[in-house]
Amino acid sequence: MLIRPRRLRKSPIVREMVAETRLSKDMFIYPHFVVSGNNIAHAIDAMPGINHFSVDTLVKDVEKSLKLGLNKILLFGVGEEKSEDASSSYSKKSIVVSAITELKKAFGSDVFIVTDVCTCAYTTHGHCGILHDDYVQNDATVEVLARMALAHAEAGSDMIAPSDMMDGRILGIRNKLDGNGFENTSIMSYSIKFASAYYGPFRQAADSAPNKGDRKAYQMDFRNPNETMRESFLDEQEGADILMVKPALAYLDIIHRLKENTNLPVACYNVSGEYSMVKAAAGNGWIDEQKVVMENMYAFSRAGANIIISYHAREILEKGWM
Ligand code: PBG
Ligand code: ZN
């Protein structure tokens, strides 16, 4: 036998040397849920280890992340006044706006703030847009999203991440930002976002579940890989800076295909349901949490993700799992 692949698996040193995939703390973005009030750090039932934070406790928590070298966060506002027109989403007094303001006051450019832009936590019906005749109105929704993005940019958000799946929203947001002097605020598009049951725990956390119907008239059908390429190319043409695939674990083929077909950085979102399944199994002693989490992270990277958005990020760095 001339060829023995096991030679390069013989010791930890040689295995490290030939490893084809490596992770870095710089790849991770850590999500946070922000609520109004003071001194709140309220555990989210369906997402063990993740909390609702008020702005003051959020600042302290982000400080902990920064000490670990985890310097990119994704913000979601929770518990705002809900209306038909989602007007609280673009308020200059929204909880996300005050979180951005306080974080920038405390950490300046040491923290990179990404803000989710979508209306579902701000509408009475819980849909990701303006609802008329039981249909989420595309162009009216893009208007609202652009205003929301601008409010975030004005407060100091570094990157806008629209998660709604309306057509043309990247261009609408880009034009709004540029028209107001925010041409350097970047956009990470949730380009390929599937209508997925893996968002369940998040909807509980964000109080953003639709009270009627589902999101299939705007989020993508998971049976359609070709369509994912059309969606992401559109976002690229409309000026997106980063393209995202969401969820991640059940869609490694899509991450890989996107990576092969774009020259933009590719992000993946390791969503709430994926996180909570691991936490539940680990909590029951059925799996080795560290090993499973790291196997998943390497899978994202191996598939082609340059950026990983994950609720596990903090624990990975805290416990030195990398
Ligand atoms: C809002 C939004 C959702 C997620 C991110 N932004 C939920 C949804 O579309 O229903 C899911 C994130 C997660 O599950 O961790 N549009
Ligand atoms: Zn939404």
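Residues numbered from 1 in each chain as written. Chains lettered and ligands numbered in written order. Predicted model: local features only at pLDDT ≥ 70, side-chain atom pairs only at ≥ 80, totals over all residues. Heavy atoms only, no water.

(A) Seen up close, the overall build of the protein chain. Assigned secondary structure in the protein chain consists of eleven helices and twelve strands. Across the 322 residues in the protein chain, those meeting the buried criterion constitute 55%. Counted over contacts in the protein chain with a minimum sequence separation of 6, partners at least 24 positions apart contribute 73%. Accessible surface for the protein chain amounts to roughly 14,900 Å². Of this, 50% is attributable to carbon and sulfur atoms. (Helix = DSSP H or I, 4+ residues; strand = E, 2+ residues; numbered from the N terminus. Buried < 20%, exposed > 50% of the residue type's maximum accessible area, 1.4 Å probe, protein only. Contact = heavy atoms within 4.5 Å. Areas by Shrake-Rupley, 256 points an atom, 1.4 Å probe, with all protein chains shown as cover.)

(B) Examining unusual backbone geometry more closely. Between Lys246 and the following residue, Pro247, the backbone shows a cis peptide bond with an omega angle of -10 degrees. For Pro247, the location among the structural elements is in the loop between β10 (242-246) and α8 (252-261). Its identity as a non-glycine residue notwithstanding, Ala86 has a phi of 55 degrees, on the positive side. Along the chain, Ala86 turns up in the loop between β4 (72-77) and α3 (95-107).

(C) Structural detail: the environment of Leu23. With respect to the helices and strands, Leu23 occurs in the loop between α1 (12-18) and β1 (28-34). Along the sequence, Leu23 and Met294 sit 271 residues apart, while their C-alpha atoms lie 9.5 Å from each other. Contact partners of Leu23, with chain neighbours within four places excluded, come to Met294, Met297, Tyr298, Ser301, Ile308 and Met322.

(D) Quick look at the packing of aromatic side chains. Throughout the structure, instances matching the rule amount to eight aromatic pairs. Residues Phe194 and Tyr251 carry aromatic rings whose centres are separated by 4.2 Å and whose planes lie at 15 degrees to one another, so their mutual orientation is stacked. With a gap of 57 residues between them, Phe194 in the loop between β9 (186-193) and α6 (200-206) and Tyr251 in the loop between β10 and α8 connect regions that are remote in the sequence. Under the relative-accessibility criterion, Phe194 is labelled buried at 0%. An angle of 45 degrees between the planes, with centres 6.1 Å apart, marks the rings of Tyr269 and Tyr311 as tilted. Linking Tyr269 in strand β11 (residues 266-270) with Tyr311 in the loop between β12 (307-310) and α11 (313-318), this pair joins segments that are 42 residues apart in sequence. On the basis of relative accessibility, which here comes to 1%, the residue Tyr269 falls in the buried class. Here Tyr311 falls in the buried class, since its relative accessible area comes to 2%. (Phe/Tyr/Trp six-rings, centres within 6.5 Å; stacked < 30°, edge-to-face > 60°.)

(E) Looking closely at the side chain of Thr262. Relative to the assigned elements, Thr262 resides in the loop between α8 and β11. A distance of 2.9 Å separates a polar atom in the side chain of Thr262 from a polar atom in the side chain of Glu236. If we skip the residues at most four places from it in the chain, Thr262 touches Glu236 and Leu243. (Polar contact = N/O pair within 3.5 Å; in protein donor to acceptor, adjacent residues only side chain to side chain.)

(F) Summary view of the pairing of β4. Of all six residues that make up β4, six are buried, and the element is covered over most of its length. In β4, alternate side chains face the same way, and those of Lys72, Leu74 and Phe76 on one face and Ile73, Leu75 and Gly77 on the other are all buried. Summarising the sheet, β1 and β4 pair through five bridges and their orientation is parallel. In the sheet register, His32 faces β4, and the bridge partner there is Leu75. In this sheet, strand β5 (residues 112-117) lies alongside β4 in parallel orientation, the contact comprising four bridges. The partner of Leu74 across the bridge, within β5, is Val114. Following the chain from β4 across α3 to the adjacent parallel β5, one finds a crossover that is right-handed. (Pairing = 2+ DSSP bridges. Right-handed = clockwise from strand over helix to strand, strands pointing away.)

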